Each structure stands twice: as structure tokens, then as C-alpha cells.
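For reference, the chains in residue letters:
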Amino acid sequence: LVAEDEDPVRHLIRDVLRTHGYQVLIAADGREALAIAAQHPGPIDLVMSDVVMPGISGLEVIQRLTQLRPRARVILISGYADEAIAAYGVMDPSVTLINKPFQLHELTQRVREVLDAAPPEAAERIPAPPVTRRAP
């Protein structure tokens, strides 16, 4: 499941992953991602979310989705500098982060690595986002 608010990025990720044989669900924002995860009858092995999105942040999306789908693995995507990402609590080494712009081979390699790894406990993988912080 890919949650990305930028249409070209979301469609590029979908197309590349489908080309590599993955089934891909896409969502234009966090609310749509949560709705898809709640309604999708099959497994969701991986959730890939932009960190900063309008409405619900990527971190909140991941927290809520991993409650619905505790075995789902996580990749976060960001176009912001490391300092901005650290402010959102994403510099946790157990969290896989792909920085935009990314190379397509990096995307597919990271997806394969994350899917091949044992899923961590949901409570340990994503720290709680700051309550008052808004997207820059």
C-alpha cells in the first residue's frame, strides 16, 4: 500500500513495483490509505508512506495502519532534509527511509530488503509523532 500525495511520485512507485511483480494499492492521502487498509480483504505486506502529507501525517498513517495490519512492514518516503525528518522522529534506525528524489533501483532494492526482513513489533517501529507539529 503506497500513500503519497504527489500524483507523479505515487504513480511512478506503483508502476515500477507492478513491473517487478508486486500487487500495489495506492492512496492519495492518509485518510484514503486507512480506508483502503480497512476494506482490503487480502494481506498488506508493506506500507510505504510519505512522511509529510496534508491532513494525516505519514507517521500517524503508519501507526494506525500497523494497528490494523500488525504484520505489515514499513517504508517511509521523504523529500525533506534529515533535520526536518529528525523533528518528526523518523531517524530511528529500525525505520526504513527513502529520500526523494530516489533512484528506481534503490526503490526496488529497499522494498525487497524490507519484505525479506522479519517484521518488527509494530509498537517498536514508529515513534509517536509530535502532537503539535504541522507539516512545514
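Going by the structure above, here's the rest.
Residues numbered from 1 in each chain as written. Predicted model: local features only at pLDDT ≥ 70, side-chain atom pairs only at ≥ 80, totals over all residues. Heavy atoms only, no water.

Enquirer: Before we move on, could you go through the packing of helix α1 (residues 7–19) against helix α5 (residues 104–116) and cite the residues and values that matter?
Expert: Two elements in contact, α1 and α5, have axes separated by 11 Å at closest approach and are oriented at 65 degrees. Where α1 crosses over α5, the two elements pack in a sense that is right-handed. Residue-level contacts link L12, I13, V16 and L17 of α1 to L104, L107, T108 and V111 of α5. Looking at the contact of α1 with α5 residue by residue, the class counts come to seven nonpolar, one polar and no charged. (Axes fitted to C-alpha atoms, helices over the stretch in contact; angles between N-to-C directions. Helix = DSSP H or I, 4+ residues; strand = E, 2+ residues; numbered from the N terminus. Left-handed = near helix turned anticlockwise from the far one by under 90°. Contact = heavy atoms within 4.5 Å. Nonpolar A, V, L, I, M, F, W, Y, C, P; charged D, E, K, R; others polar.)

Enquirer: Tell me about the pattern of salt bridges, and name the residues and values.
Expert: If charged atoms from side chains of opposite charge come close, those side chains can pair. Throughout the structure, instances matching the rule amount to nine salt bridges. Salt-bridge contacts for D116 lead to R112; the nearest nitrogen and oxygen are separated by 2.9 Å. With D116 and R112 both in helix α5 and four residues apart, this pair spans about one turn of that helix. Overlapping salt bridges bring together E4, E6, D50 and K100 as one network. (Salt bridge = Lys/Arg side-chain N within 4 Å of Asp/Glu carboxyl O.)

Enquirer: Would you mind going over the environment of L1 in detail, with residue names and values included?
Expert: With respect to the helices and strands, the residue L1 is situated in the segment before β1 (2–3). For L1, the residues in contact, after removing those within four places along its chain, are L25, I26, A27, A33, I36, A37, I44, L46, V47, M48 and L65.

Note that every value here comes from positions in space, so none of it alone points to a role or purpose.
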